[in-house]
Amino acid sequence: MTAGRSAPTQDDVLGYFDTLSNWGRWGDDDELGTLNHITDDVRLAAARAVRRGRSVSCAWEVAVPQDMERSTTICPCAADMPGAEDMPLPGFRNDRRWGFATERLGITFHGNTLTHLDSPCHLFWDGAMYNGRPHSLVGAATGSAWAAVTAAADGIITRGVLLDVAGVRGVPWLEPGQGVFPDDLEEAERRQGVRVRSGDAVLLRTGYGRARHEAGAAGGFTQAGWHASCLPWLREREVALIGADTPQDVQPSGYEDVVMPVHAVGLTAMGLWLLDNCDLEACAATAAELGRWDFHLAVAPVRFAGTSGSPVNPIATF
């Protein structure tokens, strides 16, 4: 995975919890973390990234249970009620032509399948969450009282940049266990004629979406993704949000004591919001067709009180 690369040591990565920390950077009561990089000017610039008016989804369709790998869902469980005889209101009971369908959904969205947003309270390190809050603020009955997904209730609207590392390497997809390094990111910038700037959302294409479309999702925890060495690069560029077509971290990470460094350092120390399990194939095809690798990105999490994330459907508009 690191052949010919200069990779940080485990001590270096453990040091990232301090050297890359954003605790207190935007005040002791800040729950937004890196979303603070998305200013009004950044949103206006994102609007100007729309040139053709074409929108594509960056999410997977939520399937029925047998297609769901380790995540679970019941979608949909529909009931048609012609006539609605059991409705309490007489007007409905008397309308024999009226009916409807309804669903009850149960979703475990964290994992390796569903496209979802991680908020900073999703992970703890040494008993602490982002900005030094204790993990005791998360309770089984009430959820999280700190840095929950509702901190982003107004949505995440910014410029998105797709970095197609599989394309840069000239392969259909990266093999499981292959990490993406800062020089890969900069080579993608150079070849695609784009540069990541403050407030951007960076979407990483490893090509796993293509593999999943062609061969179906593979089980297990071995996957391509961001290498821990990208974390200083992301902080230096003031990236607001990262996404990938995998659950972010290359696995295995190469670090015995930090199994998921991008999650651990990113969420806990940096307050870096994460978009896991995107489907970036349509986005990549559109970008290549139009010759534009930046776009307006809209991510609107459901306002689930106290949760550590939300299923989302990120929309890229070129």
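Data block above holds the structure.
Residues numbered from 1 in each chain as written. Predicted model: local features only at pLDDT ≥ 70, side-chain atom pairs only at ≥ 80, totals over all residues. Heavy atoms only, no water.

Draft legend 1. Just the sheet that holds strand S13 (residues 315-317), in detail. Ordered in space as S1-S13-S11-S5-S7-S9-S10-S2-S12, the nine strands form an open sheet in which the pairing is mixed. Both edges of this open sheet fall to strand S1 (55-57) and strand S12 (309-311), since each of them pairs with a single strand only. Adjacent strand axes in the sheet meet at a mean angle of 25°, parallel and antiparallel pairs treated alike. The strands touched by helix H9 (residues 281-290) are S1, strand S5 (156-164), strand S7 (201-205), strand S11 (294-299) and S13; relative to S1, the strand with the most contacts, the crossing angle is about 150°. (Pairing = 2+ DSSP bridges. Helix = DSSP H or I, 4+ residues; strand = E, 2+ residues; numbered from the N terminus. Axes fitted to C-alpha atoms, helices over the stretch in contact; angles between N-to-C directions. Contact = heavy atoms within 4.5 Å.)

Draft legend 2. Seen up close, the pairing of S7. A large share of S7 lies buried, amounting to five of its five residues. The side-chain alternation of S7 yields two buried faces, one formed by Ala 201, Leu 203 and Arg 205 and the other by Val 202 and Leu 204. With five bridges joining them, S5 and S7 adopt parallel strand pairing. Residue Asp 164 lies in a different strand from S7, and its bridge partner there is Arg 205. Pairing geometry for S7 and strand S9 (residues 241-244), over four bridges, is parallel. Across the sheet, Ala 201 pairs through a bridge with Leu 241, a residue of S9. (Buried < 20%, exposed > 50% of the residue type's maximum accessible area, 1.4 Å probe, protein only.)

Draft legend 3. Seen up close, helix H8 (residues 261-270). Among the 10 residues of H8, 10 are classified as buried, and the element is accordingly described as predominantly covered. Looking at the buried residues of H8, the elements they touch are helix H1 (10-19), strand S2 (116-118), strand S8 (225-226), helix H7 (230-236), S9 and strand S10 (273-276). Downstream of H8 by a residue or two, Gly 271 has a phi angle that is positive, lying close to 70°.

Draft legend 4. Quick peek at the nonpolar core. Core analysis: the biggest nonpolar cluster contains 65 residues, and Trp 226 and Leu 241 have the highest contact counts within it. Ranked by residue count, the leading element in this core is H8, at six residues. If near-sequence neighbours (up to four positions away) are discounted, Trp 226 is found in contact with Val 180, Leu 185, Val 202, Leu 204, Leu 234, Ile 242, Gly 243, Ala 244, Gln 248, Asp 249, Val 250 and Val 262. Counting five residues, the second-largest nonpolar core is a separate cluster that includes Cys 121, Trp 146, Ala 147 and Ala 148. (Core = buried A, V, L, I, M, F, W, Y, C linked by side-chain atoms within 4.5 Å.)

Draft legend 5. Geometry of the pairing of S11. Summarising burial for S11: five of the six residues are buried, a large majority. Where S11 and S13 come together, three bridges link them in antiparallel fashion. Of the residues in S13, the one forming a bridge with Ala 298 is Ile 315.

Draft legend 6. Region of the structure containing the environment of Gly 132. Its location among the elements puts Gly 132 in the loop between S2 and strand S3 (138-139). The spatial distance from the C-alpha of Gly 132 to the C-alpha of Ala 269 is 8.7 Å, given a sequence separation of 137 residues.

Draft legend 7. Representation of the state of the cysteines within the structure. What the rule picks out here adds up to zero disulfides. With no disulfide of its own, Cys 283 has Cys 58 as its nearest cysteine by sulfur position, at a separation of 4.2 Å. (Disulfide = S-S within 2.5 Å.)

Draft legend 8. Spatial organisation of unusual backbone geometry. Residue Pro 252 follows Gln 251 across a cis peptide bond; omega there is 0°. The backbone of Asn 131 sits at a positive phi, close to 65°, despite the residue not being glycine. By secondary structure assignment, the location of Asn 131 is in the loop between S2 and S3. The phi torsion at Asn 277 lies on the positive side, around 60°, for a residue other than glycine. The topology assignment puts Asn 277 in the loop between S10 and H9.

Draft legend 9. Local environment of the side chain of Thr 158. In this structure, Thr 158 sits in strand S5. Taking the relative accessible area as the measure of exposure, Thr 158 reaches 0% and is therefore buried. Engagement of the side chain of Thr 158 in a polar contact is seen with the backbone oxygen of Gly 199, the distance being 2.5 Å. Setting aside anything within four residues of it in sequence, one finds Thr 158 in contact with Ile 38, Val 42, Ala 46, Gly 199, Asp 200, Ala 201, Phe 295, His 296 and Leu 297. (Polar contact = N/O pair within 3.5 Å; in protein donor to acceptor, adjacent residues only side chain to side chain.)

Draft legend 10. Layout of the packing of aromatic side chains. Applying the stated criterion across every chain, the model contains two aromatic pairs. Judged by centre distance (4.4 Å) and plane angle (15°), the ring pair of Phe 17 and Trp 125 falls under stacked. With Phe 17 in helix H1 and Trp 125 in the loop between S2 and S3, this pair connects stretches of sequence that are 108 residues apart. The class for Phe 17 is buried, based on a relative accessible area of 13%. Since its relative accessible area comes to 25%, Trp 125 is described here as partly exposed. Taken together, a centroid distance of 5.0 Å and an interplanar angle of 50° make the contact between Phe 295 and Phe 318 tilted. (Phe/Tyr/Trp six-rings, centres within 6.5 Å; stacked < 30°, edge-to-face > 60°.)

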